Amino acid sequence: KNQVEQSPQSLIILEGKNCTLQCNYTVSPFSNLRWYKQDTGRGPVSLTIMTFSENTKSNGRYTATLDADTKQSSLHITASQLSDSASYICVVGGIQGAQKLVFGQGTRLTINP
Amino acid sequence: DGGITQSPKYLFRKEGQNVTLSCEQNLNHDAMYWYRQDPGQGLRLIYYSQIVNDFQKGDIAEGYSVSREKKESFPLTVTSAQKNPTAFYLCASSITSGESYNEQFFGPGTRLTVL
């Protein structure tokens, strides 16, 4: 069964600190992996996308890594800001089209001042 | 100002009522999607449409219906047959649906509550 598991479920850190969110997947065959940021009560917004040939992608203070061999990805946030408080969702796409995207349950990140 | 809009933001439904959620996009995208989001779960696909006048069931289509009469619009009706409709509903669009690499742009969501 195609699945995406994220850890931790929730995380609280102090402003200015770094953190890393994890994503493990079993989707096969694999095409791409995307990280979304979702503010409370809003729609998700794309942060990064990687194909199987890429192992890192950055977007400002967000850096995603991908190990297609172990089927793991991480999202590293540097120098966290209060505005980083949100849920972060890992989404894996196969080769069958967008209707077969598999969404993780998300990690709820809270940044405290 | 391009984007995807959903209305209303909050919706309350009585038992046995049908309600319709609106989704409009001006991105000129061919594909549109409806997802349901429940606490602690990943987004689940309800219906998707690859082109006008065509739509396909997703993983949890029972109790829902859609139409795609215009490229810009993809309304979702939650019928009385949906046993547990309280959830956050997200509409999305992408250039096409044939390639999962294409980014899906999401609307702001509608929170539906059954009274």
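Now for a description of the structure that goes with this document. The structure presented is a predicted model; accordingly, all values stated were derived computationally and were not measured. (Residues numbered from 1 in each chain as written. Chains lettered and ligands numbered in written order. Predicted model: local features only at pLDDT ≥ 70, side-chain atom pairs only at ≥ 80, totals over all residues. Heavy atoms only, no water.)

### As for the pattern of salt bridges
- One pass over the structure, following the stated rule, counts five salt bridges over all chains.
- A salt bridge links arginine 61 of chain A to aspartate 84 of chain A, with the nearest nitrogen and oxygen atoms 2.8 Å apart. Of the two residues, arginine 61 of chain A is situated in the loop between β6 (56-59) and β7 (62-67) and aspartate 84 of chain A in the loop between β8 (72-77) and β9 (86-93); the sequence distance between them amounts to 23 residues.
- With a shortest N-O distance of 2.8 Å, aspartate 38 of chain B and arginine 36 of chain B are connected by a salt bridge. Comparing aspartate 38 of chain B with arginine 36 of chain B, the two get one shared label, buried. (Salt bridge = Lys/Arg side-chain N within 4 Å of Asp/Glu carboxyl O. Helix = DSSP H or I, 4+ residues; strand = E, 2+ residues; numbered from the N terminus. Buried < 20%, exposed > 50% of the residue type's maximum accessible area, 1.4 Å probe, protein only.)

### Some thoughts on empty space enclosed by the protein
- Taken as a whole, this structure holds one cavity of 30 Å³ or more when the rule is applied.
- Approximately 50 Å³ is the volume found for the largest cavity.
- What lines the largest cavity is Asn32, Arg34, Tyr36, Ile49, Val91, Val92, Gly93 and Leu101 of chain A together with Ser100 and Asn102 of chain B.
- The set of elements that each furnish at least two residues to the lining of the largest cavity consists of β4 (32-38) and β9 of chain A.
- Looking at the lining of the largest cavity residue by residue, the classes come out as five nonpolar, four polar and one charged. (1 Å grid on protein atoms, 1.4 Å probe; cavity = no way out; pocket = protein on both sides within 12 Å on 5 of 7 lines; lining within 4 Å. Points joined across faces, edges and corners; volume = space filled by probe spheres on them. Nonpolar A, V, L, I, M, F, W, Y, C, P; charged D, E, K, R; others polar.)

### Looking at the packing of aromatic side chains
- Throughout the structure, instances matching the rule amount to eight aromatic pairs over all chains.
- The ring centre of tyrosine 62 of chain A lies 5.7 Å from the NZ or CZ of arginine 61 of chain A, which sits over that ring.
- Between arginine 68 of chain B and the ring centre of phenylalanine 74 of chain B, over which it is positioned, the NZ or CZ distance is 6.0 Å. (Phe/Tyr/Trp six-rings, centres within 6.5 Å; stacked < 30°, edge-to-face > 60°. Lys NZ or Arg CZ within 6 Å of the ring centre and 35° of its normal.)

### Considerations on the state of the cysteines
- A full pass over the atoms with the stated rule returns two disulfides over all chains.
- Two residues, cysteine 23 of chain B and cysteine 91 of chain B, share a disulfide whose sulfurs are 1.9 Å apart. Negative torsions about the S-S bond denote left-handed disulfides, and the value of about -75 degrees found for cysteine 23 of chain B with cysteine 91 of chain B makes this one left-handed. Note that cysteine 23 of chain B is positioned in strand β3 (residues 19-25) and cysteine 91 of chain B in strand β9 (residues 87-94), a separation of 68 residues in sequence. Note on accessibility: cysteine 23 of chain B and cysteine 91 of chain B belong to one class, buried.
- Free cysteine cysteine 19 of chain A: the closest other cysteine sulfur is in cysteine 90 of chain A, separated by 15 Å.
- Classification of cysteine 19 of chain A by relative accessible area gives buried; the value is 6%. (Disulfide = S-S within 2.5 Å.)

### Some thoughts on the pairing of strand β2 (residues 10-13) of chain B
Residue and element names in this part refer to chain B.
- By the alternation rule, side chains of β2 split into Leu11 and Arg13, which are all buried, and Tyr10 and Phe12, of which none is buried.
- Pairing geometry for β2 and strand β11 (residues 110-114), over four bridges, is parallel. Residue pairing for β11: arginine 13 is matched across the bridge by valine 114. (Pairing = 2+ DSSP bridges.)

Note that all results are geometric; they support no functional claim without further evidence.
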